[in-house]
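Next come the chains, spelled out residue by residue.
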Amino acid sequence: ILNVEQSPQSLHVQEGDSTNFTCSFPSSNFYALHWYRWETAKSPEALFVMTLNGDEKKKGRISATLNTKEGYSYLYIKGSQPEDSATYLCACINSNSGYALNFGKGTSLLVTP
Amino acid sequence: DVKVTQSSRYLVKRTGEKVFLECVQDMDHENMFWYRQDPGLGLRLIYFSYDVKMKEKGDIPEGYSVSREKKERFSLILESASTNQTSMYLCASSFRVNEQFFGPGTRLTVL
C-alpha cells in the first residue's frame, strides 16, 4: 500500500475564489499520478494523468502540476464556481503496484455563491 | 460513449448470503478493478485483473473473491456476506496506466 496523502481534507470557498489542493506520494519508483473529480451521486471522472517530472496540465479553469522528485502534485482551480463542488481525488501508481491506483482520501470542495 | 455498467445500484442482503456484483465494460480494456468506498477511508482496492482469468489481490481482499471469465466482465463475490461489508462498491476499467473509467457504483447493505 502506497501512502498517498491529500490536504486539506475539506475546503469551503466563495464563488470566484481561486484555490489549490496538495497531493503527496512516495517519490521512489514513481510511475504515474492521476487526479479525479467525484461529484455527489456520480462516478469519479478523470481530470489528469501525469507521468513526467515538471508536467503541467490544464483543463479549462483547472490545472495541475507534478514534482516526482519530491513527491507532490498541486491541483489549482481558478475562479471557483458552485459546479466545481466535488471531492477531488489523487492517486498514484509506482512500478511495484502494476496498474493498480493507490488513492488518497480526497479533498472535499464546497463553493458557495 | 465509453461505458462501465454495474448490475445493481442498490442491493440489500442478509448476513451469510452469497452475493455477486457484476461489472461490464465496453472499451476492450485489459485492466479491471473493484473498490469499496467508506466514509473517511476513501477508495480502497479489493481486487484487480490484468486479463481474462488473471486476478491480483488489492489492499483489502479478505472476505471477497473475483471472477474474470470474459474480458469485458469482472465479478466480485462475497462468499458469506457480513455486516462490515456494507459499503459502496465501485468497478473501474483502464488501458494500462491510463485513466480509469468508473461504473455508477452499487450500494450494498448487509443486514
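Note that the structure is predicted; figures quoted are calculated from it, not measured.

Colleague: Describe the overall build of chain A, naming the residues involved and giving the relevant values.
Modeller: When you go through chain A residue by residue, the secondary structure sums to 0 helices and 11 strands. Counting from the amino terminus, helix and strand elements in chain A follow one another as β-β-β-β-β-β-β-β-β-β-β. The globule rule puts the C-alpha radius of gyration for 113 residues at 13 Å, and the 14 Å found for chain A is close to it. Each of the three principal axes of chain A carries a C-alpha extent, and together these read 45 × 30 × 20 Å. For chain A, the share of sequence-separated contacts (at least 6 apart) that also reach a separation of at least 24 residues comes to 54%. A total accessible area of about 5,600 Å² is found for chain A, and carbon and sulfur atoms account for 46% of it. Mean positive and mean negative side-chain charge positions of chain A (9 and 10 charges, respectively) differ by 4 Å.

Colleague: Describe the sheet that holds strand 7 (residues 64-70) of chain B, naming the residues involved and giving the relevant values.
Modeller: Hydrogen bonds between backbone atoms are what pair the strands of a sheet, whose relative direction is either parallel or antiparallel. Residue and element names in this part refer to chain B. Judged by pairing direction, the sheet is antiparallel, and its 4 strands sit side by side in the order 1-3-8-7 without closing on themselves. This sheet does not close on itself; its edge strands, each paired only once, are strand 1 (4-6) and strand 7. Along the sheet, successive strands turn relative to each other by an average axial angle of 20°, direction set aside. Pairing of strand 7 with strand 8 (residues 73-78), which is carried by 5 bridges, proceeds in the antiparallel orientation. Note on strand 8: the bridge partner recorded for lysine 70 is arginine 73.

Colleague: Describe the sheet that holds strand 3 (residues 19-24) of chain A, listing the residues and the values that go with them.
Modeller: Residues and elements named next belong to chain A. Sheet architecture is open: 5 strands sit in the order 1-3-8-7-6, paired in antiparallel fashion. Only two strands of the sheet have a single neighbouring strand rather than two, namely strand 1 (5-7) and strand 6 (56-59). Along the sheet, successive strands turn relative to each other by an average axial angle of 15°, direction set aside.

Colleague: An account of the state of the cysteines is requested, with residue identities and associated values reported.
Modeller: Residues and elements named next belong to chain A. A complete count under the given rule lists 2 disulfides over all chains for this structure. Each sulfur in the disulfide pair cysteine 23 and cysteine 90 lies 1.9 Å from the other. One disulfide, between cysteine 23 and cysteine 90, carries an S-S torsion of 70° and so falls in the right-handed class. With cysteine 23 in strand 3 and cysteine 90 in strand 9 (residues 86-94), this residue pair connects regions lying 67 residues apart in the sequence. Like cysteine 90, cysteine 23 is buried.

Colleague: Please give an account of the packing of aromatic side chains that cites residues and values.
Modeller: Going through the model one piece at a time under the given rule, you end up with 13 aromatic pairs over all chains. An angle of 50° between the planes, with centres 5.8 Å apart, marks the rings of tyrosine 36 of chain A and phenylalanine 103 of chain A as tilted. Remark: phenylalanine 103 of chain A occurs in strand 10 (residues 102-103) and tyrosine 36 of chain A occurs in strand 4 (residues 30-38); sequence separation between them is 67 residues. No difference in accessibility class separates tyrosine 36 of chain A from phenylalanine 103 of chain A, as the two residues are buried. Both rings, one in phenylalanine 33 of chain B and one in tyrosine 35 of chain B, keep their centres 6.2 Å apart while their planes meet at 25°; by these two values the pair is stacked. For phenylalanine 33 of chain B, a relative accessible area of 0% puts it in the buried group. Among the aromatic residues, those joined into a cluster by ring pairs are Tyr36 and Phe103 of chain A together with Phe33, Tyr35, Phe48, Tyr50 and Phe102 of chain B.

The rules behind the values
- Residues numbered from 1 in each chain as written.
- Chains lettered and ligands numbered in written order.
- Predicted model: local features only at pLDDT ≥ 70, side-chain atom pairs only at ≥ 80, totals over all residues.
- Heavy atoms only, no water.
- Helix = DSSP H or I, 4+ residues; strand = E, 2+ residues; numbered from the N terminus.
- Rg over C-alpha atoms; globule rule 2.2 N^0.38 Å.
- Contact = heavy atoms within 4.5 Å.
- Areas by Shrake-Rupley, 256 points an atom, 1.4 Å probe, with all protein chains shown as cover.
- Lys, Arg positive; Asp, Glu negative; His and termini not counted.
- Charge placed at Lys NZ, Arg CZ, Asp CG, Glu CD.
- Pairing = 2+ DSSP bridges.
- Axes fitted to C-alpha atoms, helices over the stretch in contact; angles between N-to-C directions.
- Disulfide = S-S within 2.5 Å.
- Buried < 20%, exposed > 50% of the residue type's maximum accessible area, 1.4 Å probe, protein only.
- Phe/Tyr/Trp six-rings, centres within 6.5 Å; stacked < 30°, edge-to-face > 60°.

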